Amino acid sequence: LAWCNQMLAASCAPRCSAPPPAHRHIFVHPARRSSVTFGVRKQLQAEQGMAELESEIEGLEAAKKELENQVLELRNKVEVSEKRGNERKTLEDKKRKEEIDFLKYQGQHLDSFLRQLGGGK
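A brief look at the structure comes next. (Residues numbered from 1 in each chain as written. Predicted model: local features only at pLDDT ≥ 70, side-chain atom pairs only at ≥ 80, totals over all residues. Heavy atoms only, no water.)

Each helix and strand in the chain was counted, giving 2 helices and 0 strands. Buried residues in the chain amount to 5% of all 121 residues. In the form shown here, the chain has an accessible surface area of approximately 11,200 Å², with 58% of it arising from carbon and sulfur atoms. (Helix = DSSP H or I, 4+ residues; strand = E, 2+ residues; numbered from the N terminus. Buried < 20%, exposed > 50% of the residue type's maximum accessible area, 1.4 Å probe, protein only. Areas by Shrake-Rupley, 256 points an atom, 1.4 Å probe, with all protein chains shown as cover.)

If you want it as structure tokens, here you go:
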């Protein structure tokens, strides 16, 4: 009750010219008392909810950090995979070019060989 009286005195301080004397009790209308009690109860519930929200925030931040790490790992894997793919493609292109060059060289020699054989007629 004393706490409620203090809350009431603080809430009506702008309307009152002077604070009530400490030795006198202030009459608080029952409706006003229940609204103060309601306000106090709501404030306590909000404070209890804040602890739950703070723990939930911490959990979400930890999950976010874990997901960010997974993103980094996956990006690194993609980068490595693309690099390997590019290296493999470069190597295959080089082999294909060497094979084409060899086949052209072989075709030229076969043509010259056939001309030598056909030139004797």
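From this point on, the discussion continues.
Another aspect to go through is the pattern of salt bridges. This model, assessed by the stated rule, comprises 3 salt bridges. Of the charged contacts in the structure, one is a salt bridge between lysine 89 and aspartate 93, with a shortest N-O distance of 3.2 Å. Pair noted here: lysine 89 and aspartate 93 are both in helix α2 (residues 30–119), with a separation of 4 residues, about one helical turn. You can call aspartate 93 partly exposed: its relative accessible area is 33%. (Salt bridge = Lys/Arg side-chain N within 4 Å of Asp/Glu carboxyl O.)

Glancing now at a nonpolar patch on the surface. On the surface, a cluster of nonpolar side chains totalling about 330 Å² of accessible area is made up of Phe102, Leu103 and Tyr105. Along the polypeptide, phenylalanine 102 turns up in helix α2. (Patch = residues over 30% accessible without salt bridge, like charges linked within 9 Å, V, L, I, M, F, W, Y side chains within 5 Å.)

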